[in-house]
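Listed below are the residues making up each chain.
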Amino acid sequence: MFGMRDLILTLSGEDLAQLAEGLSSLGFWPLEVGLAWLVAEGARRYAADQRTWEELAASRAPDRDGVRLELQRREALAHALSMRARTLARERERDILREQVASLSVEYTRLRRDLFALRSQQGAPSGPPEKGLGKGQLTPAGEHDVLATVHVSLDEEAAQAVDGVLRTEGWTEPEGLRILLGYGAAVHLWPAPDDALRALGAARAELATLRHRAYLADEAVRGLRMNLVGLEASVEQARRSLAEWGRRPGGLAPAPPDARVPSPPAPHAGKGQPIRSWIGRFLRSVRRAW
C-alpha cells in the first residue's frame, strides 16, 4: 500500500498471546493492526514522557513522585518485553550449538577408534588408548517459550515517529520496535496498579533476571562456537588420516622391531694397493740388511 512501511516484530509467544488478548478486548482486529497501533502509540508516548522526565528533573517537585514511578514502570516493562525475545533467541541458538557439538564429539570419537584399529592391523603402534569425548548428552533445559514473528505495517507519519525515537536512543530496529511496542502496551494494556512502587520493583526484578539469562546464554554461545570450530578441524583431520591409512597396502607395513639392518658395503681394495705393496717391499729389504 502506498505510504506504508512493512516492519517485522519478533516476540515471545507468551507476550504475543497476552498482547492479542488485550488488543481484542479493545476491539482491534486483525492482530497486526493492533500491534501497529501499539508501536505507533509507544513512539508517541515515549517521546512525550521523555519531555516529562526533563520537567521532573528541573522541578524536583516531591508531589509528583507518583508520575516518576509510573514512567519508570513503563520503561521497565517495555525493556522486559524486548529482553524476553532476545533471551529466548540466544538460548535457542545455544541449544542448537550444543546439539552440533555433541554430534561432532561422537563422530570424532568413532573416527579415532577406527583409525587406531586400522593402524594396529598394519603393525603400527597405536599409542595410548583414546579417551572418549562423551556421548554429548545435554543438560535438560526445561520447557522454553517460543519465538513468534509478526509482520506489521505503519503509515508514513508513524514510521517517521518511530525512526526519530530509534535515532535518539541509538536502538537497533528489532530491539527498538519491541521496546516501543512494550511501551505502548504498558500505557494502554497494562495500567498502573495501586502500589506503583511494588509494581516497579517487580518489573525491574524480572528485567534483571532476563539480562542475567541473556548474559549466560551469550557466554555459552561464545564457548560453544569455539568448541565447534575446533571439533570441525579435528574431525576433518581424522577423516584424512583414516583415508590415508586405508589406502596403504599390507606389504608397506612397517618392518618388525627385530629385523636385521644390512651391513654397509666393504671399501674397495684397489685404491690403497700400490702404497701397501711399496711399504711391504721396504720392510723386507731392511730385514735382509740386518
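Residues numbered from 1 in each chain as written. Predicted model: local features only at pLDDT ≥ 70, side-chain atom pairs only at ≥ 80, totals over all residues. Heavy atoms only, no water.

Enquirer: What is the right way to read the overall build of the protein from this model?
Expert: The secondary structure content of the protein amounts to 7 helices and 2 strands. Expressed as a percentage of its 290 residues, the buried residues of the protein come to 33%. Considering only contacts within the protein whose residues lie at least 6 apart along the sequence, 82% involve residues at least 24 apart. Only carbon and sulfur atoms are counted for the fraction: they give 56% of the accessible area of the protein, which is about 18700 Å². (Helix = DSSP H or I, 4+ residues; strand = E, 2+ residues; numbered from the N terminus. Buried < 20%, exposed > 50% of the residue type's maximum accessible area, 1.4 Å probe, protein only. Contact = heavy atoms within 4.5 Å. Areas by Shrake-Rupley, 256 points an atom, 1.4 Å probe, with all protein chains shown as cover.)

Enquirer: Looking at this structure, I do not really get the nonpolar core. What am I missing?
Expert: Soluble, globular proteins show a tendency: their nonpolar side chains are buried together. In this structure, Leu19, Leu35 and Leu181 are the most contacted members of the largest nonpolar core, which totals 40 residues. Elements with a contribution of two residues or more to this core: β1 (4-12), α1 (13-25), α2 (31-59), α3 (65-121), β2 (147-155), α4 (156-169), α5 (173-188) and α6 (196-247). Per-element tally for this core: the top contributor is α5, with 8 residues. Setting aside residues no more than four positions away along its own chain, Leu19 makes contact with Leu11, Leu35, Leu38, Leu81, Leu181, Ala185, Leu189 and Trp190. Leu97, Leu111, Val235 and Ala238 belong to the second-largest nonpolar core, a separate cluster that totals 11 residues. (Core = buried A, V, L, I, M, F, W, Y, C linked by side-chain atoms within 4.5 Å.)

Enquirer: Just checking my understanding: could you explain the environment of Ala199 for this structure?
Expert: Residue placement: Ala199 occurs in helix α6. For the pair Ala199 and Leu77, spaced 122 residues apart in the sequence, the C-alpha separation amounts to 9.8 Å.

Enquirer: Would you mind going over the packing of aromatic side chains with me for this structure?
Expert: A ring pair, where both rings are aromatic, is described by two values, the distance of the centres and the angle of the planes. Counted by the stated rule, this structure contains 3 aromatic pairs. One aromatic cluster is present, formed by Tyr46, Trp171 and Tyr183 through successive ring pairs. (Phe/Tyr/Trp six-rings, centres within 6.5 Å; stacked < 30°, edge-to-face > 60°.)

Enquirer: What's the story with the confidence of the model for the protein in this structure? I'm lost.
Expert: Caution is warranted with low-pLDDT regions, since their predicted coordinates should not be read in detail. Put simply, the protein has an average pLDDT of 81, and 75% of its residues get 70 or more. Here helix α7 (residues 273-289) is the element of the protein with the lowest mean pLDDT, 51, and α5 is the one with the highest, 95. The low-confidence segment residues 129-142 (pLDDT under 50) makes 16 contacts with residues lying over four places distant or belonging to another chain. Note on residues 251-267: pLDDT is under 50 here. Beyond four places in sequence and across chains, it has 2 contacts. (pLDDT = per-residue confidence, 0-100.)

Enquirer: Mind showing me how you'd approach the pattern of salt bridges here?
Expert: Oppositely charged side chains may form a pair once their charged atoms are brought near each other. Following the criterion strictly, the structure yields 18 salt bridges and no others. Asp49 serves as the salt-bridge partner of Arg74, at 2.9 Å between the closest nitrogen and oxygen. Taken as a pair, Arg74 in helix α3 and Asp49 in helix α2 lie far apart in primary sequence, 25 residues in all. Overall, Arg74 belongs to the buried group, its relative accessible area being 11%. Overall, the relative accessible area of 6% leaves Asp49 in the buried class. Across the salt bridge formed by Glu107 and Arg239, the nearest N and O atoms sit 2.3 Å from each other. (Salt bridge = Lys/Arg side-chain N within 4 Å of Asp/Glu carboxyl O.)

Enquirer: Honestly, the pairing of β2 in this entry has me stumped. Any pointers?
Expert: Working note: regular strand, side chains alternate between the two faces of the sheet. Along β2, the buried face is formed by Ala148, Val150, Val152 and Leu154; none of Leu147, Thr149, His151, Ser153 and Asp155, which line the opposite face, is buried. Summarising the sheet, β1 and β2 pair through 9 bridges and their orientation is antiparallel. Residue Thr10 lies in a different strand from β2, and its bridge partner there is Thr149. (Pairing = 2+ DSSP bridges.)

Enquirer: Where do I start with the packing of α3 against α5 in this structure?
Expert: Between two packed helices, what matters for the description is the angle formed by their axes and the separation of those axes. With their axes 8 Å apart at the nearest point, α3 and α5 run at an angle of 135 degrees to one another. Taken as axis vectors, α3 and α5 run oblique relative to one another. In the crossing of α3 with α5, the sense of the turn from one axis to the other is right-handed. Across the interface between the two elements, Leu71, Arg73, Arg74, Glu75, Leu77, Ala78, His79, Leu81, Ser82, Ala85 and Arg86 from α3 touch Glu175, Arg178, Ile179, Leu181, Gly182, Tyr183, Ala186 and Val187 from α5. Residues of the contact of α3 with α5, tallied by class, amount to 10 nonpolar, 3 polar and 6 charged. (Axes fitted to C-alpha atoms, helices over the stretch in contact; angles between N-to-C directions. Parallel < 35°, antiparallel > 145°, perpendicular 65-115°, else oblique. Left-handed = near helix turned anticlockwise from the far one by under 90°. Nonpolar A, V, L, I, M, F, W, Y, C, P; charged D, E, K, R; others polar.)

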